[in-house]
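Architecture and fold: a report
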Amino acid sequence: MTTAEPKQIGVLAEEYRIWNTPALGAFLFWIFAHAYVKTKDTHESPSVINFFILSGILDDKHLLSYVTTSLKLRTMVSNINHDKNSDMIDALHDRVKARMEYTSDAIDIAVGCGLLSWDADTARLTPNSVHTPAGFAQYRESAYIHRLELAVKRLGNWFGDITDISQLVTLLKIRL
């Protein structure tokens, strides 16, 4: 009997697997929360629901391309509908649902590491000030990570501009 050869993974697939972890999600959630708070006039922290929606958006690379090329969330949705890609918005609810475990793990890591503080009374996650160790930037040199950071900041600004979570879920066709 021979032992099975380990399955070979392509370089891009391996990079995606490594970077698409809840630990990276925790970092991106922290960036999102900072952008959200800066945008809000009240400096209110984002509701936990925002993070689940964010995770569903980040899971679709085609949807991310609309994030990086649009100026506002409503414009993004309009552009998607104009390009006859409304199925991307229609599928967002399913992606949010499918990524619930990942999102919960990322939130746990972010809170556990002190990136975010959990307010159990309001279900909001507040970004904390964190000092990063010297040399940390070397892990952020990936073009993929840089693109995600920019998209997350933009989404934080967009979500922060919306006055009510019900407007956000209606615009993105997510059923709570």
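To be clear, the structure that these remarks concern was listed above.
As a starting point, this report considers the structure included with it. (Residues numbered from 1 in each chain as written. Predicted model: local features only at pLDDT ≥ 70, side-chain atom pairs only at ≥ 80, totals over all residues. Heavy atoms only, no water.)

**A closer look at the pairing of strand β1 (residues 116-119)**
Looking down a regular strand, the side chains alternate between one sheet face and the other. Two strands pair when backbone bridges link them, and β1 and strand β2 (residues 124-127) are joined in this way by four bridges, in the antiparallel orientation. Pairing of Asp119 across the sheet is with Arg124, part of β2. In sequence, β1 turns back onto β2 through a hairpin of four residues, with Ala123 there showing a positive phi of about 60 degrees. (Pairing = 2+ DSSP bridges. Helix = DSSP H or I, 4+ residues; strand = E, 2+ residues; numbered from the N terminus.)

**Re the nonpolar core**
Counting residues in each nonpolar core, the largest one holds 48 residues, and the members touching the most others are Ile57, Leu73, Met76, Phe159 and Leu172. For this core, the element with the most residues is helix α2 (residues 22-39), which contributes 10 residues. Ignoring anything within four residues of it in the chain, the contact list for Phe159 reads Phe32, Tyr36, Asn50, Ile53, Leu54, Ile57, Leu73 and Leu168. (Core = buried A, V, L, I, M, F, W, Y, C linked by side-chain atoms within 4.5 Å. Buried < 20%, exposed > 50% of the residue type's maximum accessible area, 1.4 Å probe, protein only. Contact = heavy atoms within 4.5 Å.)

**Re the pattern of salt bridges**
Scanning all chains against the criterion turns up four salt bridges. We note a salt bridge from Lys173 to Asp90, for which the minimum N-O separation is 3.4 Å. Of the two residues, Lys173 sits in the segment after α10 (165-171) while Asp90 sits in helix α6 (residues 86-90), which places them 83 residues apart along the sequence. Residue Asp90 is classed as partly exposed on the basis of its relative accessible area, which comes to 39%. (Salt bridge = Lys/Arg side-chain N within 4 Å of Asp/Glu carboxyl O.)

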